[in-house]
Amino acid sequence: MFDLIARVFGREDASKDVAKERLRLVLVHDRASLSPQTLENLKNDLLKVISEYMDIDDQGFRVDFSRHDDAMALVANIPIRKVKNHSL
Amino acid sequence: MGEAIVITSGKGGVGKTTTTANLGAGLAQAGERVALIDADIGLRNLDVVMGLENRIVYDLVDVVEGFAKLKHALIKDKRFENLYLLPAAQTRDKTAVSPEQMRDLIAQMKEDFDYVLIDSPAGIEQGFKNAVAGADKALVVATPEVSSVRDADRIIGLLEAQEKHKPSLIINRIRASMVKKGDMMDIDDMIEILAIELLGVVPDDESIVVSTNRGEPAVLNSQSRAGEAYRNITRRLRGENVPIMKLDDGTGLFNKLRKMMGFKV
Ligand SMILES: Nc1ncnc2c1ncn2[C@@H]1O[C@H](COP(=O)(O)OP(=O)(O)OP(=O)(O)O)[C@@H](O)[C@H]1O
Ligand SMILES: [Mg+2]
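Residues numbered from 1 in each chain as written. Chains lettered and ligands numbered in written order. Predicted model: local features only at pLDDT ≥ 70, side-chain atom pairs only at ≥ 80, totals over all residues. Heavy atoms only, no water.

Chemist: How should the side chain of T143 of chain B be read in this particular structure?
Modeler: Relative to the helices and strands, T143 of chain B resides in the loop between β6 (137-142) and α7 (146-161). What T143 of chain B contacts, discounting residues up to four positions off in sequence, is V14, S148, V149, N172, R173 and M190 of chain B. (Helix = DSSP H or I, 4+ residues; strand = E, 2+ residues; numbered from the N terminus. Contact = heavy atoms within 4.5 Å.)

Chemist: Is there a simple way to explain the nonpolar core in this structure?
Modeler: Considering soluble globular proteins, one finds that nonpolar side chains tend to be buried as a cluster. All names here are of chain B. I37, L86, M109 and I118 are the most contacted members of the largest nonpolar core, which totals 55 residues. Looking at this core element by element, the count peaks at five residues for α7. In this structure, I118 is in contact with A4, I5, V6, I7, I37, A39, I106, A131 and A135, ignoring residues within four places of it in sequence. If you look at the next biggest cluster of nonpolar residues, it comprises 34 residues, including I7, V49, Y115 and Y230. (Core = buried A, V, L, I, M, F, W, Y, C linked by side-chain atoms within 4.5 Å. Buried < 20%, exposed > 50% of the residue type's maximum accessible area, 1.4 Å probe, protein only.)

Chemist: Would you mind going over the interface of chain B and chain A with me for this structure?
Modeler: Many structure descriptions define interface size as the accessible area lost when the parts assemble. Listed by partner, the interface residues are 19 residues for chain B and 15 residues for chain A. Buried area between chain B and chain A, both sides added, is near 1600 Å², and the carbon and sulfur share of it is 51%. Three residues, V146, R150 and D153 of chain B, lead the burial of chain B against chain A; their summed loss comes to 31% of the area buried on that side. At the boundary of chain B and chain A, one finds five salt bridges. Of the charged contacts in the structure, one is a salt bridge between D189 of chain B and K16 of chain A, with a shortest N-O distance of 2.9 Å. (Buried area = accessible area lost by both parts, 1.4 Å probe. Salt bridge = Lys/Arg side-chain N within 4 Å of Asp/Glu carboxyl O.)

Chemist: I would appreciate a short explanation of the environment of L237 of chain B in the present structure.
Modeler: Residue and element names in this part refer to chain B. Its place among the elements puts L237 in helix α11 (residues 225-237). Classification of L237 as buried rests on a relative accessible area of 8%. C-alpha separation for the pair L237 and G182, spaced 55 residues apart in sequence, amounts to 31 Å.

Chemist: Even after reading the chapter, I still don't get the packing of aromatic side chains, so can you show me in this structure?
Modeler: In this description, a pair of aromatic rings is defined by centroid distance and the angle of the planes. Residues and elements named next belong to chain B. Summed over the entire model, instances satisfying the criterion amount to two aromatic pairs over all chains. Centroid distance Y84 to F113: 5.8 Å. Interplanar angle 65°. Geometry classified as edge-to-face. Of this pair, Y84 sits in strand β4 (residues 83-86) while F113 sits in the loop between α5 (99-109) and β5 (115-119); the two residues are 29 residues apart in sequence, bridging distant segments of the chain. (Phe/Tyr/Trp six-rings, centres within 6.5 Å; stacked < 30°, edge-to-face > 60°.)

Chemist: I tried to follow the site of ligand 1 on my own but got confused; where do I start?
Modeler: Residue and element names in this part refer to chain B. Residues in contact with ligand 1 amount to 17 residues; listed here are only the nearest, K16, T17, T18, N172 and D205. Between ligand 1 and G15, the relevant distance is 3.0 Å, taken from an oxygen atom to a main-chain nitrogen or oxygen of the residue. A total of 640 Å² of accessible area belongs to ligand 1 in isolation, and the protein chains cover 78% of it. When contributions to the shell around ligand 1 are tallied by element, the ones reaching two or more residues are α1 (16-29), β7 (168-174), β8 (197-203) and α10 (206-214). A total of three residues in the shell around ligand 1 trace back to one element, the largest contributor, which is α1. (Near = heavy atom within 4 Å. Polar contact = N/O pair within 3.5 Å; in protein donor to acceptor, adjacent residues only side chain to side chain. Areas by Shrake-Rupley, 256 points an atom, 1.4 Å probe, with all protein chains shown as cover.)

Chemist: How should the environment of H165 of chain B be read in this particular structure?
Modeler: Residues and elements named next belong to chain B. Within the secondary structure, H165 is located in the loop between α7 and β7. Under the relative-accessibility criterion, H165 is labelled exposed at 55%. When the C-alpha positions of H165 and I196 are compared, they lie 11 Å apart, and in sequence the two are 31 residues distant. Apart from residues no more than four positions distant in its own chain, H165 is found in contact with D136 and K137.

Chemist: Looking at this model, I keep getting lost on the pairing of β4 of chain B. Mind explaining?
Modeler: Side chains on a regular strand alternate between the two faces of the sheet. Residue and element names in this part refer to chain B. Where strand β2 (residues 34-38) lies against β4, four bridges are found, and the strand directions are parallel. Across the sheet, residue V34 finds its bridge partner in β4, namely L83. The pairing of strand β3 (residues 75-76) with β4 spans two bridges and is classified as antiparallel. Following the sheet pairing, K76 is matched in β4 by Y84. In this structure, the hairpin formed by β3 and β4 is closed by a connection of six residues. (Pairing = 2+ DSSP bridges.)

Chemist: Even after reading the chapter, I still don't get the pattern of salt bridges, so can you show me in this structure?
Modeler: Any two side chains of opposite charge can pair, so long as their charged atoms come close to each other. Summed over the entire model, instances satisfying the criterion amount to 21 salt bridges over all chains. Salt bridges here are not isolated pairs; linked through shared partners, they connect K16 and K20 of chain A together with D189 and E192 of chain B.

Chemist: Explanation requested: the packing of helix α2 (residues 15-32) of chain A against helix α9 (residues 187-194) of chain B in the structure shown.
Modeler: To characterise two packed helices, one gives the angle between the axes of the helices and the distance between these axes. Two elements in contact, α2 of chain A and α9 of chain B, have axes separated by 11 Å at closest approach and are oriented at 15°. Considered as vectors, α2 of chain A and α9 of chain B are oriented roughly parallel to each other. Considering how the two elements wind past one another, α2 of chain A and α9 of chain B form a crossing that is right-handed. Contacts between α2 of chain A and α9 of chain B involve K16, K20, L23, L27 and R31 of chain A from the first element and D189, E192, I193 and L194 of chain B from the second. Broken down by class, the residue content of the contact of α2 of chain A with α9 of chain B amounts to four nonpolar, no polar and five charged. (Axes fitted to C-alpha atoms, helices over the stretch in contact; angles between N-to-C directions. Parallel < 35°, antiparallel > 145°, perpendicular 65-115°, else oblique. Left-handed = near helix turned anticlockwise from the far one by under 90°. Nonpolar A, V, L, I, M, F, W, Y, C, P; charged D, E, K, R; others polar.)

Chemist: Could you clarify how one ought to interpret the confidence of the model for chain B in this entry?
Modeler: As a note on interpretation, predicted positions should not be read in detail where pLDDT is low. In this model, chain B carries a mean pLDDT of 93, and residues with pLDDT of at least 70 account for 93%. For this predicted complex, the interface score ipTM comes out at 0.80, while the overall pTM is 0.85. (pLDDT = per-residue confidence, 0-100.)

Chemist: Would you take a moment to explain α2 of chain A for this structure?
Modeler: In an α-helix, one turn spans 3.6 residues, which is why side chains three or four residues apart end up on the same side. All names here are of chain A. The end-to-end C-alpha distance of α2, which contains 18 residues, comes to 26 Å, matching closely the 26 Å that a straight helix rising 1.5 Å per residue would cover. The largest bend in α2 comes to about 25°, at V26. Among all positions of α2, only K16, A19, K20, L23, V26, L27, V28, R31 and A32 are buried. Of the residues flanking the end of α2, it is S33, one or two places downstream, whose phi is positive at about 40°. (Expected span 1.5 Å × (residues − 1). Bend = angle between axes of the 7 residues up to and from the residue.)

Encoded structure:
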């Protein structure tokens, strides 16, 4: 019951949400068979390239692998703060 | 020409053998000709779950090695004369059989049976490879837990790499009361993560333990909720469109009424 109250007041996540979030992260590595280090490098490189064109929120930056039928897709979620104005 | 279906999971102890026994008995009850293969060599179990452990003479390895004829190794079920079991060898290990041998054996069995169900061992090594080699289709069993879902995901990846038929999912041991509290992943959560088709959901149910004690698959017990779930899965396997059973934690008004009226819930 205390659990429930804590949850209603937003102090503690339902444990299944914790499970889902942990699974999401662990499956990124499993599915790509990338080491966490390689993934970190990939993220940093992506960040570098995209930052040349726009201001991005690197806190909300996420890289995910998802399965679509038989193929694997790399899905990046990159919150944009503002697009840089390139005066050509 | 029958269909060969492997029941697999990656993680151990999530209900592969229970599922194989129940779907086998369910299909046989529906009049299909069914053969079950225990591919868990060295850790034979399907025989005891089916209550057939006293009838074993020859096993899978005997057949593959040509030491026994298939028809002499197949054990006829006590309840259905259209249901057979090919037991695993207990004193050998997985290397006693190769994927090619399994493929040949299953091709031969598909000529005499409508369904050949293969109970896979846990893991992703040779035992798993043997079990999936001859299968047309795979059912992945997973419980709503992090480690089980993770291993199921790995298995799904391996099956898809082999270009088998797209596997479908059986969620086992779900507990409605925990789902309700947010303490167990729900059906939707698991499908979202694993991105495969759902074949059925089996509740966590004491009647599974009781039926395993007796060697009588729960699917044959009309009072068992897990049995009802397996009856539904059986019908879906045969191509019927049956809606997924509502999760029920046994505390609802309907159940209280059923209890008062003396039904077992
Ligand atoms: N729906 C259920 N409700 C309650 N108990 C269950 C349920 N399904 C399976 N069990 C129990 O869980 C245990 C493991 O089941 P089972 O032997 O079918 O798993 P398995 O995946 O074949 O294991 P292994 O990987 O060792 O071959 C058994 O004791 C069984 O009775
Ligand atoms: Mg087993």
